[in-house]
Amino acid sequence: MLFSSKGKHRRPSKAARAIAVVGVTGAAAVAAPLMAAGSASAATASEWDAVAQCESGGNWSINTGNGYYGGLQFSASTWAAYGGTAYASTADQASKAQQIEIAEKVLASQGKGAWPNCGTGLSSAAYSGSSSQSTESTTRSSEQQSASRSADRPAAKKSAKTVTTPTGKKVKKGDGEYKVAKGDTLSSIAEEKNVKGGWEKLFQLNKDIVEDANLIYPGQQLHLK
């Protein structure tokens, strides 16, 4: 929890302070994307006034020394994580409008549960528990994996197609325009198809699938040029 969940002047319990530390870590993780997006919540000025009335008695400049500041009771670390230090070092030194601006970013990130007792009237859906950073990381990872598969696809296609020899050995099939038939040799194919350079040229054209010029197999597909 990022804000005091107790009464407006009560010192937070140890449990509340521990939760605040955890909440700040999440806040720092998503602060930059949210600030860049500039998304505003659906909460109205009157709704923020109601939260401030509940949290601090409506005193936007309050500092009771309990570790929470301003009308909406920001912790110093949360205020900094969401960009509040651009206006003042702590929320109680910022204007009401500036406090609301930072609060809207928190609301967009964590939902009205950031003010567990006082934020129930805010016009915002409950926080889902996922952060912008985790969503972005998942998307980026998927894109990287897709790009990697795309880069590997040509090589995989070249080696995936095979034919089986009479001895059971698998050899590359190739993707040429001439399909080897039983009884064919490189010489006979070169002569029949008028390959310039004869069988030597045919061998050179198909060295990726023909390891031995004397051994070609039915089903292999040879390039003729």
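Residues numbered from 1 in each chain as written. Predicted model: local features only at pLDDT ≥ 70, side-chain atom pairs only at ≥ 80, totals over all residues. Heavy atoms only, no water.

**A closer look at the overall build of the protein**
For step 1, the next point in the chain: Tallying secondary structure elements over the protein gives 7 helices and 6 strands in all.
For step 2, the next point in the chain: Going from the N terminus to the C terminus, the protein shows its helices and strands as α-α-β-β-α-α-α-β-β-β-α-α-β.
For step 3, the next point in the chain: By the burial criterion, 37% of the 225 residues in the protein qualify as buried.
For step 4, the next point in the chain: The contacts of the protein with a sequence gap of at least 6 include a subset with a gap of at least 24, amounting to 56%.
For step 5, the next point in the chain: Accessible area of the protein: about 12,500 Å², with a carbon and sulfur share of 52%. (Helix = DSSP H or I, 4+ residues; strand = E, 2+ residues; numbered from the N terminus. Buried < 20%, exposed > 50% of the residue type's maximum accessible area, 1.4 Å probe, protein only. Contact = heavy atoms within 4.5 Å. Areas by Shrake-Rupley, 256 points an atom, 1.4 Å probe, with all protein chains shown as cover.)

**Observations regarding the nonpolar core**
For step 1, the next point in the chain: Counting residues in each nonpolar core, the largest one holds 23 residues, and the members touching the most others are Trp 48, Val 51, Leu 72, Phe 74, Trp 115 and Leu 122.
For step 2, the next point in the chain: Broken down by secondary-structure element, the contributors of at least two residues to this core are α2 (45–56), α3 (76–81) and α4 (96–110).
For step 3, the next point in the chain: Top element by residues in this core is α4. It accounts for 5 residues.
For step 4, the next point in the chain: Residues Val 180, Leu 186, Phe 203 and Val 210 belong to the second largest nonpolar core, which totals 13 residues. (Core = buried A, V, L, I, M, F, W, Y, C linked by side-chain atoms within 4.5 Å.)

**Some remarks on unusual backbone geometry**
For step 1, the next point in the chain: Although it is not a glycine, Gln 73 adopts a positive phi angle of roughly 55°.
For step 2, the next point in the chain: Exposure remark for Gln 73: the relative accessible area of 1% places this residue in the buried category.
For step 3, the next point in the chain: Phi is positive for Asn 194, which is not a glycine, with a value near 55°.
For step 4, the next point in the chain: Looking at where Asn 194 falls in the secondary structure, it is placed in the loop between α6 (186–192) and α7 (198–205).

**Topic: the side chain of Ser 56**
For step 1, the next point in the chain: Mapped onto the fold, Ser 56 is located in helix α2.
For step 2, the next point in the chain: Residue classification places Ser 56 among the buried residues on the basis of a relative accessible area of 4%.
For step 3, the next point in the chain: In terms of polar contacts, Ser 56 uses its side chain to reach the backbone carbonyl oxygen of Gly 71, at 2.8 Å. (Polar contact = N/O pair within 3.5 Å; in protein donor to acceptor, adjacent residues only side chain to side chain.)

**Digging into the side chain of Gln 99**
For step 1, the next point in the chain: Considering the arrangement of structural elements, one finds Gln 99 in helix α4.
For step 2, the next point in the chain: Here the side chain of Gln 99 touches Trp 60 through a polar contact of 2.8 Å, landing on its backbone oxygen.
For step 3, the next point in the chain: Here Gln 99 is in contact with Trp 60, Gly 70, Gly 71, Leu 72, Phe 74, Trp 79, Ala 91 and Ala 94, once residues within four sequence places are set aside.

**Re the packing of aromatic side chains**
For step 1, the next point in the chain: Counted according to the given criterion, the structure contains 2 aromatic pairs.
For step 2, the next point in the chain: Judged by centre distance (5.1 Å) and plane angle (70°), the rings of Phe 74 and Trp 79 are edge-to-face.
For step 3, the next point in the chain: Phe 74 gets classed as buried once you look at its relative accessible area, which sits at 0%. (Phe/Tyr/Trp six-rings, centres within 6.5 Å; stacked < 30°, edge-to-face > 60°.)

**Points about the confidence of the model for the protein**
For step 1, the next point in the chain: Mean pLDDT for the protein: 73, with 65% of residues reaching 70 or above.
For step 2, the next point in the chain: Across the protein, strand β1 (residues 68–69) holds the top mean pLDDT of 95, while helix α1 (residues 14–37) sits lowest at 36.
For step 3, the next point in the chain: Within the model, the stretch residues 4–41 combines pLDDT values under 50 with 62 contacts to residues more than four positions away or in other chains.
For step 4, the next point in the chain: Note that pLDDT drops below 50 for residues 125–160; the model gives that stretch 13 contacts with residues more than four away or on any other chain. (pLDDT = per-residue confidence, 0-100.)

**Some points on α2**
For step 1, the next point in the chain: The end-to-end C-alpha distance of α2, which contains 12 residues, comes to 16 Å, matching closely the 16 Å that a straight helix rising 1.5 Å per residue would cover.
For step 2, the next point in the chain: Along α2, the residues that are buried comprise Glu 47, Trp 48, Val 51, Ala 52, Glu 55 and Ser 56. Seen end-on, α2 carries its buried residues on one side only, within an arc spanning 140°.
For step 3, the next point in the chain: Buried residues along α2 sit in contact with α4.
For step 4, the next point in the chain: The positive-phi residue at the C-terminal boundary of α2 is Gly 57, with phi of around 70°. (Expected span 1.5 Å × (residues − 1). Arc of directions from axis to C-beta.)

**What about the environment of Gly 121?**
For step 1, the next point in the chain: Structurally, Gly 121 is set in the loop between α4 and α5 (132–160).
For step 2, the next point in the chain: Taking the relative accessible area as the measure of exposure, Gly 121 reaches 52% and is therefore exposed.
For step 3, the next point in the chain: C-alpha of Gly 121 to C-alpha of Val 51: the two residues are 70 residues apart in sequence and 8.0 Å apart in space.

**Some points on the environment of Tyr 82**
For step 1, the next point in the chain: As for its placement among the helices and strands, Tyr 82 is situated in the loop between α3 and α4.
For step 2, the next point in the chain: Tyr 82 gets classed as buried once you look at its relative accessible area, which sits at 0%.
For step 3, the next point in the chain: Along the chain, Tyr 82 and Ala 103 lie 21 residues apart, while their C-alpha atoms are 8.5 Å from each other.
For step 4, the next point in the chain: Only 3.2 Å separates the side chain of Tyr 82 from the side chain of Ser 109, close enough to count as a polar contact.

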